[in-house]
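Fold and geometry: a report
The chain contents come next:
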Amino acid sequence: MNLILGRQGTGKSTVIYNQIKKCAQKGEENLILIVPEQFTLQAERELIELMDSPGIINAEVLSFSRLIGRLMEEVGGITRTKLSATGKYMALQKALLDQKEELTVYSGMIRKSGFIDEIQDTIGNLKRRMISEEELKAIQEKDLEDCPMLQKKLKDITTLMESYNQWLGEDYLDNEGIIDLVINHMQENTRISTSKIWIDGFDTYTEQIFNFIEQLYHYSKEVTISLTLPTNKEDRDREIFLINDKTKKRLMDIARGQSKIITCHYQQKDKSKEVAHLEKELYSYPTQPYTEHIQDIRISSFKNVYEELDHLCIDILKLIQEESYRWKDITVVTNDLSGYEFLIKRYFEEYGIPFFMDAKRKITDKPLSIFLVHSLRAIVYHFTYEDVFALIKTGL
């Protein structure tokens, strides 16, 4: 196992891409790069650019869920029915109704809106942390004698979890069950035994994924994992990396002393001095102030969101018209996209700013999808009023 360590922007991903490139040039196959779900496209683009190739054949960029889904097909999981979110909801609802008489605290909450979602999240979290019904029972007996209410709640959750798992049986699989199935049959998988695996972009993992990584380590050719960690022990903000440090120790335990540490110290030449100082000092104590003239960081406050967006649009146009920026060079980041989405669309259109909104959109809301669906419905249901007008409204 190889661990690549370094702060943000020190070149960890570049090291991984170069390793994949060298392996591909040697003709090695089954090279797998695992990144978070939302970064698969970006990582694929960066890898293709680095390899200076129109495409990649020997290497794949996957998320954990995508890789697990493929492995599941190879170990026979395809013969069992995978539960959707709706199916899981219905299964838990049945478990609640079946065990209504056995419940103490939650018996009166079965019909309440949102309760099943909470139970679903709780059971999912327990499974991802590899906590079984037997362990929950042991906790109730030994450690909760002074907390009767918590003990009753855990008893109810244990009862529901047992009922839900019994309903799943050998015929159905939920997301956590799929991971367990793949972990238990990893040694039978011929693809993993010939693979080299890189994992990039994660700070920590659930207990289930740690177990999955352990199986990958045992049965693949090689596993390389990057972690954002300061390599200088004198850095004053090391405390904020405690989660990453625990992840590193856990991975080293999995490797049982057979891990190799690679440290990255690359400094981006074009990185702003102010931004670099802010990144280094934001969580450091005592903080060292920046003494030079500040040019690249500006903090502004506004009376309301409308004034804020007006100034935002004016600033963007200044960058384009006066400083020769291109539209693709500018990014607007917000921690509340749902709250800003409608207003940003309106303001950007008014100011003539072309943009791409990184928000999930339902494919069923697209004119072409509506046109196709209602065309088929019109044929099947003999051109009803609703279908014909839905077709007209698409404008296609």
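1. Here we look at helix H6 (residues 133–142)
Listed in full, the buried residues belonging to H6 are Glu 133, Leu 136 and Gln 140. Looking straight down H6, one finds that the buried residues subtend no more than 60 degrees of arc, so they occupy a single side. Projecting away from the buried face of H6 at angles above 90 degrees are the exposed residues Glu 134, Glu 141 and Lys 142. Contact partners of the buried residues in H6: helix H5 (115–128) and helix H7 (148–168).

2. Brief notes about the environment of Thr 14
Along the polypeptide, Thr 14 turns up in helix H1 (residues 12–25). Residue Thr 14 is classed as partly exposed on the basis of its relative accessible area of 41%. When the C-alpha atoms of Thr 14 and Ile 363 are compared, they prove to be 34 Å apart, with 349 residues separating the residues in sequence.

3. Remarks on the nonpolar core
Note that soluble globular proteins tend to have their nonpolar side chains buried in a common cluster. Counting residues in each nonpolar core, the largest one holds 38 residues, and the members touching the most others are Ile 199 and Phe 212. Elements with a contribution of two residues or more to this core: strand E1 (2–6), strand E2 (31–34), helix H3 (64–74), helix H8 (175–184), strand E6 (196–199), helix H10 (207–219), strand E7 (222–228) and helix H11 (242–255). It is H10 that provides the largest number of residues to this core, a total of six residues. If we skip the residues at most four places from it in the chain, Ile 199 touches Ile 16, Ile 34, Phe 64, Tyr 205, Ile 213, Val 223, Thr 224, Ile 225 and Ser 226. Counting residues in hydrophobic clusters, the runner-up holds 19 residues, among them Ala 91, Leu 92, Phe 115 and Leu 136.

4. Thoughts on a nonpolar patch on the surface
Taken together, the side chains of Ile 240, Val 275, Leu 278, Leu 282, Tyr 283, Ile 294, Ile 297 and Ile 299 make up a nonpolar region of the molecular surface, amounting to roughly 790 Å² of accessible area. Looking at Ile 299, the relative accessible area reads 81%, which means it is exposed.

5. Some points on the sheet that holds E7
Overall, parallel pairing links the six strands, which are arranged E3-E2-E6-E7-E1-E8 in an open sheet. In this open sheet, the two edge strands, each paired with only one partner strand, are strand E3 (59–62) and strand E8 (260–263). When strand polarity is set aside, the average angle formed by the axes of neighbouring strands in this sheet is 20 degrees. Lying on the sheet, helix H2 (residues 40–51) is in contact with E2 and E3; it crosses E3 at an angle near 155 degrees. Contacting E2, E3 and E6, H3 runs over the sheet at an angle of about 115 degrees to E3.

6. Some thoughts on the pattern of salt bridges
With the rule as written, the count across this model stands at 17 salt bridges. For Lys 196, the salt bridge identified is with Glu 28, shortest N-O distance 3.2 Å. Here Lys 196 is found in strand E6, whereas its partner Glu 28 is found in the loop between H1 and E2, with 168 residues between them in sequence. Considered together, Lys 196 and Glu 28 belong to a single accessibility category, that of buried residues. A salt bridge links Arg 298 to Asp 315, with the nearest nitrogen and oxygen atoms 2.6 Å apart. With a gap of 17 residues between them, Arg 298 in the loop between helix H12 (273–281) and helix H13 (305–322) and Asp 315 in helix H13 connect regions that are remote in the sequence. Through salt bridges that share partners, Arg 7, Asp 235, Asp 237 and Glu 279 make up one connected network.

7. Examining helix H15 (residues 367–380)
Each turn of an α-helix holds 3.6 residues, which means side chains three or four residues apart point in the same direction. Here H15 spans 20 Å end to end across 14 residues, near enough to the 20 Å set by a 1.5 Å rise per residue. Of the positions making up H15, those classed as buried are Ser 369, His 374, Ser 375 and Ala 378. The elements touched by buried residues of H15 are helix H16 (385–394). His 382, located one to two residues past H15, shows a positive phi value of around 60 degrees.

Parameters and conventions
Residues numbered from 1 in each chain as written. Predicted model: local features only at pLDDT ≥ 70, side-chain atom pairs only at ≥ 80, totals over all residues. Heavy atoms only, no water. Buried < 20%, exposed > 50% of the residue type's maximum accessible area, 1.4 Å probe, protein only. Helix = DSSP H or I, 4+ residues; strand = E, 2+ residues; numbered from the N terminus. Arc of directions from axis to C-beta. Contact = heavy atoms within 4.5 Å. Core = buried A, V, L, I, M, F, W, Y, C linked by side-chain atoms within 4.5 Å. Patch = residues over 30% accessible without salt bridge, like charges linked within 9 Å, V, L, I, M, F, W, Y side chains within 5 Å. Areas by Shrake-Rupley, 256 points an atom, 1.4 Å probe, with all protein chains shown as cover. Salt bridge = Lys/Arg side-chain N within 4 Å of Asp/Glu carboxyl O. Pairing = 2+ DSSP bridges. Axes fitted to C-alpha atoms, helices over the stretch in contact; angles between N-to-C directions. Expected span 1.5 Å × (residues − 1).

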